[in-house]
Amino acid sequence: MKIGKIGKDIFDKADDVIDKVDDGVDKAGQAIQKAVHVGGKEIVDTTGKVTAAGKDLAKDTVKTVKKTAVSTAGQAKTIATRKAMATAKVADEALDGIEAGSKLAVISMEQGTRAGVYAVAQGGELIAEWVEANYCLIGVSIALGTVFAALLYRPEPSSQATTVAATAPLSSTAILYLSAKETVGAVALGTACDLTASAFVELIWIAPDVRKAIGNSNKKILTDAIAFTLAKSMDAAAGAMIVPQSCAAVVAGVVTTLVAQLACERTLPSGAREWGTVGASGL
């Protein structure tokens, strides 16, 4: 598949994304100083490299998250998201992770102590063009798919560099979380989720249809909603987040589902409102 204008724009943006997350990468990376074991298997070696067992853990975690029960309406959203991404020619290897991420976004709105959604006062422009919610969801997802098709599981060095940079804070924190959950404080977790959410929002903001669907006034609250969902999902999804490409696919699923939720239904997970103030400490 050839990389189109959106892909070139993403790569032009890569340096900006990398600059924004470098500090978070350094701080998280410095904390990984020993091998990490899960279930008796070494998932990260003493050099900080994810092992074959770690990659297997990422795949198994994605499969487990995909099986999590949600409402019929929620399941329909995850299926529609996956189909739209396939239509947009996102790499097949990314689709399971995207579906898992979409499921995590649905879970953040349906389960837990902060379950539920709240109304966003002003939506984007494209809802008027797509009219029906299902058409809107598919339209938004395909628009995002044009971005993620140029990023996920691509062989180009620029694509891989952007993926690693955008996910590094979250991947590093996930490794620490699996190693010793109690050592990962709310501030560290919140920072990693904020950096990753911000990096992905900056990337999707390249696409004009995405900007229209979200609305400029909703950029910050969308970023908060993504960060909140990532933090809330750490227990379930940490294993999938230790590998950059797997992590990026999961985050892409979260992002796509929340963008569609905001654009088409003008709602977001209730915890997103508090995230900007209390961060992960409010989970």
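Please refer to the structure placed before this passage.
Here the structure is a predicted model, which is why all the values come from computation and not from measurement.

*Asks:* Just to check I follow, could you spell out the overall build of the protein for this structure?
*Replies:* Per the secondary structure count, the protein includes 13 helices and four strands. The buried share of the protein, reckoned over its 283 residues, is 56%. For the protein, contacts bridging at least 24 residues in sequence account for 80% of all contacts bridging at least 6. Total accessible area on the protein is roughly 12100 Å²; 53% of this is exposed by carbon and sulfur atoms.

*Asks:* For this particular structure, what's the right way to read the pattern of salt bridges?
*Replies:* Any two side chains of opposite charge can pair, on the condition that their charged atoms come close. One pass over the full model with this rule turns up nine salt bridges. The residue K66 makes a salt bridge to D96 at a minimum N-O spacing of 3.1 Å. Of this pair, K66 sits in helix 2 (residues 52-66) while D96 sits in helix 4 (residues 92-110), placing them 30 residues apart in sequence. Owing to a relative accessible area of 29%, D96 belongs among the partly exposed residues under this scheme. A salt bridge links R82 to E99; the shortest N-O distance between them is 2.8 Å. Taken as a pair, R82 in helix 3 (residues 72-87) and E99 in helix 4 lie far apart in primary sequence, 17 residues in all. Through salt bridges with shared partners, a single network forms among K66, R82, D96 and E99.

*Asks:* Is there a simple way to explain the packing of aromatic side chains in this structure?
*Replies:* Ring pairs (aromatic) are described by centroid distance and by the angle formed between their planes. Inspection of the entire model under this criterion finds one aromatic pair. Measuring from centroid to centroid gives 6.3 Å for F148 and F200, while their planes differ by 45 degrees, and the two rings are tilted. Of this pair, F148 sits in helix 6 (residues 133-148) while F200 is found in helix 8 (residues 186-204), placing the two residues 52 residues apart along the sequence. A relative accessible area of 0% means that F148 is categorised as buried. For F200, a relative accessible area of 1% puts it in the buried group.

*Asks:* Could you clarify how one ought to interpret the state of the cysteines in this entry?
*Replies:* Disulfides are covalent bonds that link the sulfur atoms of two cysteine residues. Inspection of every chain in the model, using the stated rule, returns one disulfide. Across a sulfur-sulfur distance of 2.0 Å, C136 and C264 are joined as a disulfide pair. Looking along the S-S bond of the C136-C264 disulfide, the torsion reads about -85 degrees, which is the left-handed sense. Of this pair, C136 sits in helix 6 while C264 sits in helix 12 (residues 244-265), and the two are 128 residues apart along the sequence. Each member of the pair, C136 as well as C264, is classed as buried. In this structure C193 is a free cysteine whose sulfur lies 9.5 Å from that of C247, the closest cysteine sulfur available. According to the relative accessible area criterion, C193 is buried, its value standing at 0%. Taking relative accessible area as the criterion, C247 reaches 0% and is therefore assigned buried.

*Asks:* Looking at this structure, I do not really get the packing of helix 8 against helix 12. What am I missing?
*Replies:* Any two packed helices are characterised by how steeply their axes cross, that is the angle between the axes, and by the distance between the axes. At a minimum axis distance of 11 Å, the contact between helix 8 and helix 12 shows a crossing angle of 65 degrees. Judged by the inter-axis angle, helix 8 sits roughly perpendicular to helix 12. Note on packing geometry: the crossing formed by helix 8 with helix 12 is right-handed. Two secondary-structure elements touch here, helix 8 through T196, F200 and I204 and helix 12 through A248, V251, A252, V255 and V259. Residues of the contact of helix 8 with helix 12, tallied by class, amount to seven nonpolar, one polar and no charged.

*Asks:* Explain helix 4 here, please?
*Replies:* Since the α-helix packs 3.6 residues into each turn, any two residues three or four apart lie on the same face. Under the 1.5 Å per step criterion, the end-to-end length of helix 4 is 28 Å for 19 residues, consistent within 8% with the ideal 27 Å. When you tally the buried positions in helix 4, you get 15 out of 19 residues, the bulk of the element.

*Asks:* How should I be thinking about the nonpolar core in this particular structure?
*Replies:* Generally speaking, nonpolar side chains in soluble globular proteins are found buried as a group. Among the nonpolar cores identified, the biggest contains 81 residues, and V90, V140, F148, I204, L222, I226 and L258 are the most heavily contacted of them. Top element by residues in this core is helix 12. It accounts for 14 residues. Apart from residues no more than four positions distant in its own chain, I204 is found in contact with L144, V147, F148, V210, I214, L222, V255 and V259.

*Asks:* Sorry if this is basic, but what is going on with helix 11 (residues 234-241) here?
*Replies:* Counting buried residues in helix 11 gives six out of eight residues, a clear majority hidden from the surface. All buried positions along helix 11 are accounted for by M234, A237, A238, G239, A240 and M241.

*Asks:* I tried to follow the environment of K67 on my own but got confused; where do I start?
*Replies:* Within the fold, K67 resides in the loop between helix 2 and helix 3. In this structure the C-alpha to C-alpha distance between K67 and K103, which are 36 residues apart in sequence, comes to 8.9 Å.

*Asks:* Looking at this structure, I do not really get the environment of A197. What am I missing?
*Replies:* Among the structural elements, A197 can be located in helix 8. In this structure A197 comes out as buried when scored by relative accessible area, which is 0%. Those residues in contact with A197 that lie beyond four places of it in its chain are T223, I226, A227 and L230.

Conventions adopted
Residues numbered from 1 in each chain as written. Predicted model: local features only at pLDDT ≥ 70, side-chain atom pairs only at ≥ 80, totals over all residues. Heavy atoms only, no water. Helix = DSSP H or I, 4+ residues; strand = E, 2+ residues; numbered from the N terminus. Buried < 20%, exposed > 50% of the residue type's maximum accessible area, 1.4 Å probe, protein only. Contact = heavy atoms within 4.5 Å. Areas by Shrake-Rupley, 256 points an atom, 1.4 Å probe, with all protein chains shown as cover. Salt bridge = Lys/Arg side-chain N within 4 Å of Asp/Glu carboxyl O. Phe/Tyr/Trp six-rings, centres within 6.5 Å; stacked < 30°, edge-to-face > 60°. Disulfide = S-S within 2.5 Å. Axes fitted to C-alpha atoms, helices over the stretch in contact; angles between N-to-C directions. Parallel < 35°, antiparallel > 145°, perpendicular 65-115°, else oblique. Left-handed = near helix turned anticlockwise from the far one by under 90°. Nonpolar A, V, L, I, M, F, W, Y, C, P; charged D, E, K, R; others polar. Expected span 1.5 Å × (residues − 1). Core = buried A, V, L, I, M, F, W, Y, C linked by side-chain atoms within 4.5 Å.

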